[in-house]
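# Structural overview
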Amino acid sequence: MVSFKSKGFLSKLYYWLPVIVLFVSVLNEFDLNYLNLNYFSFNFPFILIFFFTLKEFRHFDYSLVFIAGMINDTVVGLPLGISSLSYMLICIATSYFRNITIRPNPTKDWFYFLFVISLVNSINYSILTLFFSYNLILWNYIINIFFTFLFYLVFISLFKFYMRGLND
């Protein structure tokens, strides 16, 4: 594995990689509809934000997460502040969970992640339907929660590999 002990450009880029990936993911807003996969969607920023706020990653600042939410609202076309509210609720719930946890357990983290994304998506759904009169399909939210929950396991293994690269 490559050691990033030096303070060069590549080292700084590697340290800021989660924030860069967050901004790329909200700017890109990739959609798998062109692959004709009808019932498949997941929310990668939720996974990224949950993991790095849970691990208390020092370069993952909440203000950058808030700005990423504003950018996501602009790209997707949602009312400004909805994604920022979602992302900040994830940060708050995760920091609370981090502070009350004595011994970290990946299984407990995984099921707490399910609780948090379910809560955040239900708040989003309620706000968008009640206040902004969006016609949303609840089934799409359920599918998104399910696949985001499943893909959490895949991405945490990649993120742990990244964190090991920082510690070497």
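Above this note sits the structure.
## As for the overall build of the protein chain
- A count of helices and strands for the protein chain gives seven helices and zero strands.
- Within the protein chain, the fraction of its 168 residues that count as buried is 42%.
- Within the protein chain, contacts between residues at least 6 apart in sequence are counted, and of these 74% link residues at least 24 apart.
- Surface summary for the protein chain: the accessible area is close to 10,000 Å², and the carbon and sulfur share equals 67%.

## Some remarks on unusual backbone geometry
- In this structure, Ser 133 is a non-glycine residue whose phi angle is positive, near 55°.
- Of note, Ser 133 is situated in the loop between α6 (106-130) and α7 (138-167).

## A closer look at a nonpolar patch on the surface
- A surface patch of nonpolar side chains, amounting to about 660 Å² of accessible area, comprises Phe 9, Leu 10, Leu 13, Trp 16, Leu 17, Ile 20 and Val 24.
- Mapped onto the elements of the fold, Leu 13 is located in helix α1 (residues 9-15).
- Judged by relative accessible area, which is 34%, Leu 13 ranks as partly exposed.

## Concerning helix α3 (residues 44-54)
- The buried count for α3 comes to 11 of 11 residues, which makes it a mostly enclosed element.
- Those residues of α3 not exposed but buried are Phe 44, Pro 45, Phe 46, Ile 47, Leu 48, Ile 49, Phe 50, Phe 51, Phe 52, Thr 53 and Leu 54.
- Along its buried surface, α3 packs onto α2 (17-28), α4 (62-76), α5 (82-100), α6 and α7.
- Glu 56 lies just past α3 and shows a positive phi near 55°.

## Comments concerning the packing of α5 against α6
- The N-to-C vectors of α5 and α6 enclose an angle of 150°; their axes lie 10 Å apart at closest approach. In terms of orientation, α5 lies roughly antiparallel with respect to α6. Crossing of α5 over α6 shows right-handed handedness. Note on element contacts: α6 touches α5 through Lys 108, Asp 109, Tyr 112, Val 116, Val 120, Ile 123, Asn 124, Ile 127 and Leu 128, opposite Ile 82, Leu 85, Ser 86, Leu 89, Ile 90, Ala 93, Tyr 96 and Phe 97.
- Partitioning the contact of α5 with α6 into residue classes produces 13 nonpolar, two polar and two charged.

## Some remarks on the packing of aromatic side chains
- Inspection of every chain in the model, using the stated rule, returns 24 aromatic pairs.
- Between Phe 44 and Phe 159, the aromatic rings sit 6.3 Å apart at their centres with planes inclined by 55°, giving tilted as the arrangement. Placement of Phe 44 in helix α3 and of Phe 159 in helix α7 is noted, with a sequence separation of 115 residues between them. The same class applies to Phe 44 as to Phe 159, namely buried.
- With centroids separated by 6.1 Å and ring planes inclined at 80°, the aromatic side chains of Phe 52 and Tyr 162 adopt a geometry described as edge-to-face. A residue pair is termed long-range when its members are at least 10 positions apart, and Phe 52 in helix α3 and Tyr 162 in helix α7 qualify at 110 residues. Considered together, Phe 52 and Tyr 162 belong to a single accessibility category, that of buried residues.
- Put simply, the rings of Tyr 14, Phe 42, Phe 44, Phe 51, Phe 52, Phe 60, Phe 151, Phe 155, Phe 159 and Tyr 162 touch in pairs and so form one group of aromatic residues.

## Some details on the environment of Leu 128
- Looking at where Leu 128 falls in the secondary structure, it is placed in helix α6.
- Through-space distance from the C-alpha of Leu 128 to that of Ile 82 is 8.5 Å; in sequence the pair is 46 residues apart.
- Ignoring anything within four residues of it in the chain, the contact list for Leu 128 reads Leu 78, Pro 79, Ile 82, Ser 133, Tyr 134, Leu 136 and Tyr 141.

Reading the values: rules and limits
- Numbers given to residues run from 1 along each chain, matching the order in which its sequence is written.
- Side-chain atom pairs in this predicted model are given and counted only at pLDDT of 80 or more, local residue features only at pLDDT of at least 70, and totals for whole chains, interfaces and linings cover all residues.
- To get the side-chain values, take all heavy atoms of the structure and skip hydrogens and water.
- Under the DSSP-based scheme used, a helix requires at least four consecutive residues in state H or I and a strand at least two consecutive residues in state E, with every element numbered from the N terminus.
- Throughout this description, buried means an accessible area under 20% of the type-specific maximum (1.4 Å probe, protein chains only), exposed means over 50%, and partly exposed covers the range between.
- Here, two residues are considered to be in contact whenever any of their heavy atoms come within 4.5 Å of each other.
- The Shrake-Rupley method, run with a 1.4 Å probe sphere, supplies the accessible areas, and residue values consider only the shown protein chains as cover.
- Patches were defined on residues exceeding 30% relative accessible area and lacking a salt bridge, with like-charge contacts within 9 Å and nonpolar side-chain contacts (Val, Leu, Ile, Met, Phe, Trp, Tyr) within 5 Å.
- Any carboxyl oxygen of Asp or Glu that lies within 4 Å of a side-chain nitrogen of Lys or Arg is treated as forming a salt bridge with it.
- Only C-alpha atoms enter the line fits that serve as axes; for helices the fit covers just the stretch in contact. Angles between N-to-C directions range over 0 to 180 degrees.
- When describing relative orientation, an angle under 35 degrees is termed roughly parallel and one over 145 degrees roughly antiparallel, while 65 to 115 degrees is termed roughly perpendicular and anything else oblique.
- Crossings are assigned a handedness: left-handed for a near helix turned anticlockwise from the far helix by less than a right angle, right-handed for a clockwise turn.
- Think of it as three bins: nonpolar holds Ala, Val, Leu, Ile, Met, Phe, Trp, Tyr, Cys and Pro, charged holds Asp, Glu, Lys and Arg, and polar takes everything else, Gly as well.
- In this scheme Phe, Tyr and Trp rings, the latter by its six-membered ring, pair at centre separations within 6.5 Å, and the angle between planes marks the pair as stacked below 30 degrees, edge-to-face above 60, and tilted otherwise.

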